[in-house]
Amino acid sequence: CSHSTYEIKKHRSLSVPLVCTQPVLVRANFNLNKILLQFLSLKEIRNQTSISDFLLLGFSAHPEQQPLLFGLFLGMYLVTVLGNLLIIMAIGSDQHLHTPMYFFLANLSFIDTCFTCTIVPKVLANILTQRHAISHTGCLVQMYFFMALALLDDFLLAVMAYDRYVAICLPLHYTTIMCPQRCLLLVAASWLCSHLLASSLTLLMSQFSFCASHAIPHFFCDVPPLLKLACSDTQIFQVTMFAEAALSGVVPLACVLVSYAHIIHTILRVPSAGRKHKVFSTCGSHLTVVILFYGTVFLVYFQPSSSYSADTGMVASVVYTMVTPMLNPFIYSLRNTDMKRALWKLLVWGRCSIP
C-alpha cells in the first residue's frame, strides 16, 4: 500500500510540470509561427514592389540583321569619337582658332562625344552578347545623362547662333560682347540649366512604379517608351516635360531663328557677292546641324505619349544619337578653311612625331 501511494505521488509530481509546460510550448510555437508568417509576408510584399531589370529590346526583332547593325553602329561610334576628338585637339593646338566660335565648337564636340558614349556602348554590348537587361538604376542614370547632354547640345547651339549674330551684325563690338569671361559664363549657364532640368525629370521618373511588362521597345532608356510602361499617374510628369521642352527647346530655337533672321537681313544688304558667299559658308555648317538636331527631336518629343510610335522613335533616335554627332565634325571641318588647315597641321605633326 505504501508503495502504491509512493507511485501515485511520483506520478502526480511528474504530471504537474508536464501539464503546466504544455501551454507554454503551444504559446511559444504559436508566436514562432506568427513571426515566420510576418517575415514571409514582408518578403512577399518586397518582391511584389521591387522593380526588376528592364529589357532593352532594341533591334532584337530582326536577328538576321544583328551582325550588320553591330558593324554599322561600331563604325559610326568610332568615327564619331575619333572625329570629335580631332576637332578638339586641332582647336587646342592652333593659336589662330582660340576664338569664341571655335571655343563653342570644341565644347560641342566634347558634348557629342559624351552623348554618343552614353548610348552606343550599351547598344553594342546588347547586340554582341544578346543580353538586353539593364537595371532600374542603370536605366535612370542613362536617361539622366542622355537628357542632360541633349539639353546641353540644345543650349549650346543657341549660344553659337548668338555668337554668329554678334560677329556678322555687330562686328565692331564683337570682341567686347564675346569676351572670354562672357563665353565661359554662357557655357557654364548651359551646363547648369541642362543638368537641373534633367535631374528634375529623373527624380519624377524614379517615383513611378512599372507594374506591366518591363520590355522597352527601344535601344536605350528614352522617356516616351518608359512612360508607356508606367502604371502610375504620369500627368504631372508629362506637364513638367512639356514645360521643360518649351523652356529648353522653343526658347533656344527662337533664339536661333531670331539670330539667323538678323544674319540673313544683314547679308542681303552686303553688295559684294563674294562676301555674301563667305558669310553664308560660315553659317551654313551651324544651320545644317540645327536642322538635323531639331527636326528629329521635335519628331520624337513634341507629341503625346499615346501617339508615340516605337519604330518612328527608334529611327529618329538613331539620327540624333549616332548620325548627327558623327556628321558634326565633317560639317564643321569640310566647309571651313581654318579647320582644314588646323587638322592638316595636327595630322602632319602626328606623323612627324612618330619615330
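Residues numbered from 1 in each chain as written. Predicted model: local features only at pLDDT ≥ 70, side-chain atom pairs only at ≥ 80, totals over all residues. Heavy atoms only, no water.

- As recorded by an unreviewed UniProt entry, the protein carries the name Olfactory receptor 1G1-like and is attributed to Acinonyx jubatus.
- You can read under Subcellular location (unreviewed entry) in the UniProt record for the protein the words "Membrane".
- Looking at the protein in UniProt, the text filed under Function (unreviewed entry) is "Putative odorant or sperm cell receptor." (UniProt positions renumbered as here; feature names shortened; annotations may be inferred.)

**Examining the state of the cysteines**
Next up, step 1: Scanning all chains against the criterion turns up 1 disulfide.
Next up, step 2: With its sulfur 2.0 Å from that of its partner, Cys139 forms a disulfide with Cys221. The S-S bond linking Cys139 to Cys221 shows a torsion near -125°; that makes this disulfide left-handed. You can see Cys139 sitting in helix α4 (residues 136-169) and its partner Cys221 sitting in the loop between β3 (215-216) and α7 (223-229), a full 82 residues away along the chain.
Next up, step 3: Overall, Cys139 belongs to the buried group, its relative accessible area being 1%.
Next up, step 4: Between Cys179, a cysteine without a disulfide, and Cys183, which holds the nearest cysteine sulfur, the sulfur-to-sulfur distance is 6.7 Å. (Disulfide = S-S within 2.5 Å. Helix = DSSP H or I, 4+ residues; strand = E, 2+ residues; numbered from the N terminus. Buried < 20%, exposed > 50% of the residue type's maximum accessible area, 1.4 Å probe, protein only.)

**Some thoughts on the UniProt feature "transmembrane region" (unreviewed entry) in the protein**
Next up, step 1: The UniProt feature table records "transmembrane region" (unreviewed entry) at residues 68-90, 102-121, 141-162, 183-205, 245-267, 279-302 and 314-334.
Next up, step 2: Taken end to end, residues 141-162 is 100% helix and 0% strand, and its two terminal C-alpha atoms sit 32 Å from one another.
Next up, step 3: With 100% helix and 0% strand, the stretch residues 245-267 has end C-alpha atoms that lie 32 Å from each other.

**Observations concerning the packing of α4 against helix α6 (residues 180-206)**
The description of two packed helices rests on the angle between their axes and on the distance between the axes.
Next up, step 1: As a packed pair, α4 and α6 sit with axes 8 Å apart at the nearest point and diverge in direction by 145°. The handedness of the crossing between α4 and α6 is right-handed.
Next up, step 2: Tallied by class, the residues present in the contact of α4 with α6 amount to 18 nonpolar, 6 polar and no charged. (Axes fitted to C-alpha atoms, helices over the stretch in contact; angles between N-to-C directions. Left-handed = near helix turned anticlockwise from the far one by under 90°. Nonpolar A, V, L, I, M, F, W, Y, C, P; charged D, E, K, R; others polar.)

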